[in-house]
Each structure stands twice: as structure tokens, then as C-alpha cells.
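Structural characterization, general
Take a look at the letters that make up each chain.
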Amino acid sequence: MTTAGATAMGAHDRRGLIGTLGRDGLLQVILVANTFLMLFPIIIMVFSAFKPTMEIFQHPFAPPNFANVSNFVAVWADTNFLRYLGNSFFVTGSAIVLILVLGTMGAYAIARYEFFGSSFVLLFFIAGLTLPLKLAIIPLFILMRDLGILNSPLALICIYTAMGLPSTVFIMTGFLRTLPSELEDAARMDGASELRIMWSVMLPLARPAMVIAAIHNLVPIWNDFFFPLVFIQDDAWKTLPQGLTSFMGEYTTNWGVLFAGLTLSAAPITLIYILLSRQFINGMTQGALK
């Protein structure tokens, strides 16, 4: 190779390296900017939770005095926040348990057994992803009234379970189909029943997918405002999104107390996601690899 050729190749490599570094640097800048845009409203909410209402309007972006917890004390002592929090935990927890149990059982039957109409059953569930349940709000209202569960958490649990089943069946079916059938055959040769195979062999392997399905349904159920507004009128059964609106007065609003309530209501979901983040990432990674 001549000296000129080596020089040209070296210049080409340098240009390629500079182009790669520039592209990666631009990508990092975009990601940092996107992170800032996502976190900025959350930071302002947390800052406002430690400020009185007047300071929120006078210095909305200034760091607060974090030793001032009067707003949080007012939320716990002077409002029904604890009742709303308990209702949200009950409704969300019950719905997630039913979604995972029913969705996993349905997905296991579709993914691991061959029977006539299995593809139609899967398509039936997938169709539920394309049809928003809010379009059927009037028939749902009539149904809940006729069942006698209107104005009770059971109505919300039924609706949220129906909302979460399509996505859960879709996620779990795709994951369970990737598991090797040799595991089932070995368990059957050892005399394990079908229920034992599902519970002891398949479900431990499908735990990351179950975490993905749980988180996918947990956030919209916890934050939902529409269905509690329609089906719950009694203050004793209101969930957090609906109950927090009672902090807003007709003429004046204590914004510090409201932001404190919002901060406390966002904390459980944030902690749950942090605790399950490793399982969530593992599930996404395994799904990508498979």
C-alpha cells in the first residue's frame, strides 16, 4: 500500500470516527433534553408541595424550604386522603391480581395447547386493544346499575379487569410461546399434572412478562379519573384522582396542599416501579432477544 493510500484511509477512518462521535453526542444531548422535559413538571410539583400558596405564585421555580412540611401534615390530618389512598390500593390491587390470574391462564391455554379456534380467541382479545372501553360507557352504566354494584369499588374492579385482559393476554401469549416444550415434556414424564406444570415450571419463567403486564396496567388504573367519576358518587369510595379534586374549592384553592397530595399519590407508583425495574428490564431484554 502506498503512502498516499494509507494517508487517505487514515483520513477516512478519522472522518468516520468523528461522524460517529458527533452522532452519539447529538443523541446524548437529545436524551438529556428529553429527560429534563419529562422530569421538569415532576420537580415543580414536588417543589410546590413544600411551599405555601402565595410562594407558589411568587416564586414558582425557586427551590423550597424542605423543612416546611405543613402541607403534608394538612393532607394527612385535615382531608380524607388516607381513605382515598386506601380505596386506590384496594381497587388497583384487586384489578391487577385478577388481570394477572385470568390473563395468564388464558394466555397459557392459547400459547401451550392446540385446539380449534385458538387463533380466533387470541384475535378476540387483540381486538379489545383497538376498542376503547369508554365508548361503551352508557351500556356499562346500565349494566352496573342492573347488577347492583353501581357506586361501589366492585364496579371499578370489573371494568379495570376487562380493560387489562387484552394487553395481558397479548403480552403473555407471545412470551409463553417462546418457552421450550421440552420443559413440559420432562415434567409430564415425571408425573406432574397440567396445573403443576403451569404453576411450578412455566410461571417462574414467565415472571418478567408478568411484571411487564402488571406495570403496563398498573399506571393507567392508578391514575384513572374517568371511570371513578362516572361510577362512584359516594365520597367513602372515591379513589385518589377523583378524591384530590375535592381539595379544589369553588372560589379559592390551597395549591400547596393539592400539590402535596399529588406528590404523595405519585410516590407509591414510583416506588413500585423502582422495586420492579430490574424485572421489567429483564422482561424487555428477554423479549428482544427471543
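Before reading on, note that the structure itself is shown above.
These notes cover the structure that comes with them. On a predicted model such as this, the values are computed, not experimentally measured, just so you know.

1. Brief notes about the nonpolar core
The biggest cluster of nonpolar side chains holds 38 residues, and the ones touching the most others in it are F81, L156, Y160, F227 and F231. Of all elements in the fold, only α3 (70-78), α4 (81-112), α6 (137-147), α7 (153-176), α10 (207-223), α11 (226-231) and α13 (255-289) reach the threshold of two or more residues within this core. The element that contributes the greatest number of residues to this core is α4, accounting for eight residues. Setting aside residues no more than four positions away along its own chain, Y160 makes contact with V91, A95, I99, I221, D224, F227 and P228. In this structure, M172, L176, L179 and M198 belong to the second largest nonpolar core, which totals 15 residues.

2. Quick look at the pattern of salt bridges
What the rule picks out here adds up to five salt bridges. One salt bridge in this structure joins D146 and R145, with 3.4 Å as the shortest N-O distance. Between R188 and E184 there is a salt bridge, with its nearest N and O atoms 3.9 Å apart. Linking R188 with E184, this pair stays in helix α8 (residues 182-189), spanning four residues, or about one helical turn. Through salt bridges with shared partners, a single ionic network connects R83, D235 and K238.

3. Concerning the environment of L140
Within the secondary structure layout, L140 lies in helix α6. L140 sits in the buried class, given a relative accessible area of 13%. Each C-alpha atom, one on L140 and one on F231, is 9.4 Å from the other, the two residues being 91 residues apart in sequence. Contacts of L140, omitting those with residues within four sequence positions, involve L133, F227 and F231.

4. Some thoughts on the packing of α8 against helix α9 (residues 194-205)
Look at α8 against α9: their axes get within 10 Å of each other, and the N-to-C directions meet at 140 degrees. It follows that α8 is oblique to α9 by the angle criterion. Note on packing geometry: the crossing formed by α8 with α9 is right-handed. Taking contact as the criterion, the partners of L183, E184, A187 and R188 in α8 are, on α9, E194, I197, V201, M202 and L205.

5. Focus on a nonpolar patch on the surface
Side chains of F36, L37, M38, L39, F40, I42, I43 and F61 sit close together on the surface and give an oily, nonpolar patch of about 810 Å² of accessible area. Looking at I43, the relative accessible area reads 37%, which means it is partly exposed.

6. Topic: the packing of aromatic side chains
A full pass over the atoms with the stated rule returns 14 aromatic pairs. Look at F50 and F72: their rings are 5.0 Å apart centre to centre, the planes differ by 55 degrees, and that puts the pair in the tilted class. Of this pair, F50 sits in the loop between α1 (3-49) and α2 (53-58) while F72 is found in helix α3, placing the two residues 22 residues apart along the sequence. Through successive ring pairs, a cluster of aromatic residues spans F141, Y160, F226, F227 and F231.

7. Notes on α10
With 17 residues, α10 should reach 24 Å at 1.5 Å per residue; the first-to-last C-alpha distance of 24 Å fits that figure. For α10, the tally of buried residues reaches twelve of 17 residues, placing the bulk of the element in the interior. Of the positions making up α10, those classed as buried are P208, A209, M210, V211, I212, A213, A214, I215, N217, L218, I221 and W222.

8. Overview of the side chain of N87
By the secondary structure assignment, N87 is in helix α4. A distance of 2.9 Å separates a polar side-chain atom of N87 from the backbone oxygen of A236. Among all residues touching N87, those that are not within four sequence positions of it are A236, W237, K238 and T239.

9. Some details on the packing of α4 against α7
The contact between α4 and α7 brings their axes to 6 Å, and the two run at 35 degrees. Taken as a pair, α4 and α7 cross one another with a handedness that is right-handed.

Thresholds applied
Residues numbered from 1 in each chain as written. Predicted model: local features only at pLDDT ≥ 70, side-chain atom pairs only at ≥ 80, totals over all residues. Heavy atoms only, no water. Core = buried A, V, L, I, M, F, W, Y, C linked by side-chain atoms within 4.5 Å. Buried < 20%, exposed > 50% of the residue type's maximum accessible area, 1.4 Å probe, protein only. Helix = DSSP H or I, 4+ residues; strand = E, 2+ residues; numbered from the N terminus. Contact = heavy atoms within 4.5 Å. Salt bridge = Lys/Arg side-chain N within 4 Å of Asp/Glu carboxyl O. Axes fitted to C-alpha atoms, helices over the stretch in contact; angles between N-to-C directions. Parallel < 35°, antiparallel > 145°, perpendicular 65-115°, else oblique. Left-handed = near helix turned anticlockwise from the far one by under 90°. Patch = residues over 30% accessible without salt bridge, like charges linked within 9 Å, V, L, I, M, F, W, Y side chains within 5 Å. Areas by Shrake-Rupley, 256 points an atom, 1.4 Å probe, with all protein chains shown as cover. Phe/Tyr/Trp six-rings, centres within 6.5 Å; stacked < 30°, edge-to-face > 60°. Expected span 1.5 Å × (residues − 1). Polar contact = N/O pair within 3.5 Å; in protein donor to acceptor, adjacent residues only side chain to side chain.

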